[in-house]
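Overview (structure and organization)
What follows is the residue order along each chain.
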Amino acid sequence: MSNENMITVNNYFKYLAEKKLMASKCPHCNQIDLPPRRLCSECLSEAEWIELSGKSALKTFSSIYVGSKAMMDKGYNRKKPYVFAVCQMEEGPSVAGQLIGVDETQPDKITIDMAVQVTFLRAEIGVDKEGNPLYRWDVGFEPQK
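Residues numbered from 1 in each chain as written. Predicted model: local features only at pLDDT ≥ 70, side-chain atom pairs only at ≥ 80, totals over all residues. Heavy atoms only, no water.

**Description of the overall build of the protein chain**
Summing up its helical and strand segments, the protein chain has two helices and eight strands in all. When the elements of the protein chain are put in sequence order from the N terminus, they spell out α-β-β-β-β-α-β-β-β-β. If you line up the protein chain on its principal axes, its C-alpha atoms span 50 × 45 × 25 Å. Looking at the protein chain as a whole, 34% of its 145 residues are labelled buried. Of all intrachain contacts in the protein chain linking residues separated by at least 6 positions in sequence, the fraction that spans at least 24 positions is 51%. Within the structure as shown, the protein chain displays about 8,800 Å² of accessible surface, and the carbon and sulfur contribution to it stands at 50%. (Helix = DSSP H or I, 4+ residues; strand = E, 2+ residues; numbered from the N terminus. Buried < 20%, exposed > 50% of the residue type's maximum accessible area, 1.4 Å probe, protein only. Contact = heavy atoms within 4.5 Å. Areas by Shrake-Rupley, 256 points an atom, 1.4 Å probe, with all protein chains shown as cover.)

**Concerning the sheet that holds strand β2 (residues 32-33)**
Consider a sheet: its strands pair through backbone hydrogen bonds, and that pairing is either parallel or antiparallel. Taken together, the three strands give an open sheet; going across it, the order is β2-β1-β3, and neighbouring strands pair in antiparallel fashion. Lying at the two open borders of the sheet, with one neighbouring strand each, are β2 and β3 (48-51). Note: strand β1 (residues 22-25) against β2, two bridges, orientation antiparallel. Within β2, the position partnered with Lys25 by the bridge is Ile32. (Pairing = 2+ DSSP bridges.)

**Quick word on the side chain of Asp33**
Relative to the helices and strands, Asp33 resides in strand β2. It is Arg37 that comes nearest to the buried, bridge-free Asp33 among opposite-charge side chains, at 4.2 Å. Reaching out from Asp33, the side chain makes a polar contact with the side chain of Gln31 at a distance of 3.3 Å. A polar contact of 2.8 Å, which involves the side chain of Asp33, links it to the side chain of Ser41. Discounting chain neighbours no more than four positions away, the residues touching Asp33 are Ala23, Ser24, Leu39, Cys40 and Ser41. (Lys, Arg positive; Asp, Glu negative; His and termini not counted. Salt bridge = Lys/Arg side-chain N within 4 Å of Asp/Glu carboxyl O. Polar contact = N/O pair within 3.5 Å; in protein donor to acceptor, adjacent residues only side chain to side chain.)

**Thoughts on the sheet that holds strand β6 (residues 94-99)**
Read around the closed barrel, five strands run β4-β5-β6-β8-β7, paired in mixed fashion. Neighbour-to-neighbour, the strand axes of the sheet open up by a mean angle of 40 degrees, direction not taken into account. Two strands pair when backbone bridges link them, and strand β4 (residues 55-64) and strand β7 (residues 115-127) are joined in this way by three bridges, in the antiparallel orientation. Considered in β7, the bridge of Lys55 is made with Gln117. Across the sheet, helix α1 (residues 9-17) lies against β7 and β8 (133-143), angled at about 70 degrees from β8, the strand it touches most. (Axes fitted to C-alpha atoms, helices over the stretch in contact; angles between N-to-C directions.)

**As for the environment of Ile32**
Residue placement: Ile32 occurs in strand β2. Residues Ile32 and Gly92, 60 residues apart in the sequence, show an inter-C-alpha distance of 7.2 Å. The residues contacting Ile32, other than those within four sequence positions of it, are Ala23, Ser24, Lys25, Ile50, Leu52, Glu91 and Pro93.

**Describing the packing of aromatic side chains**
On inspection of all chains with the given rule, the structure shows three aromatic pairs. Measuring from centroid to centroid gives 5.6 Å for Tyr12 and Phe13, while their planes differ by 65 degrees, and the two rings are edge-to-face. Lys14 extends its terminal NZ or CZ atom over the ring of Tyr15, reaching a point 4.6 Å from the ring centre. (Phe/Tyr/Trp six-rings, centres within 6.5 Å; stacked < 30°, edge-to-face > 60°. Lys NZ or Arg CZ within 6 Å of the ring centre and 35° of its normal.)

Set out below in structure tokens:
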């Protein structure tokens, strides 16, 4: 298997930058793992990449009023919370990420099992030697339209 096709963290983030949500799937027992794993979590066979549809259902969430420094740097605070969600993908695995496109100040309007779609959120992770910002892509969710 070439390095380009190997299941690694670097390749996972490369796919996210291409706006593809990739998981690993076992060709023997069909277990799907996300985050992806080189070896199947069930039978330890060599896994392969699979692209997920991005369709999912909200399973639980929390409104965060006092978050990490990174989220505070994005403008979230006690007056402007963000929503952290766990969603179950159509293909089976559950994934955590920020829920956008909802009124964060009214969590009672957010419903469990509502249909959501993966979206890709750009996160600044530092600066390069010249002072230019460096980014990576994270998984987020928004209500399906």
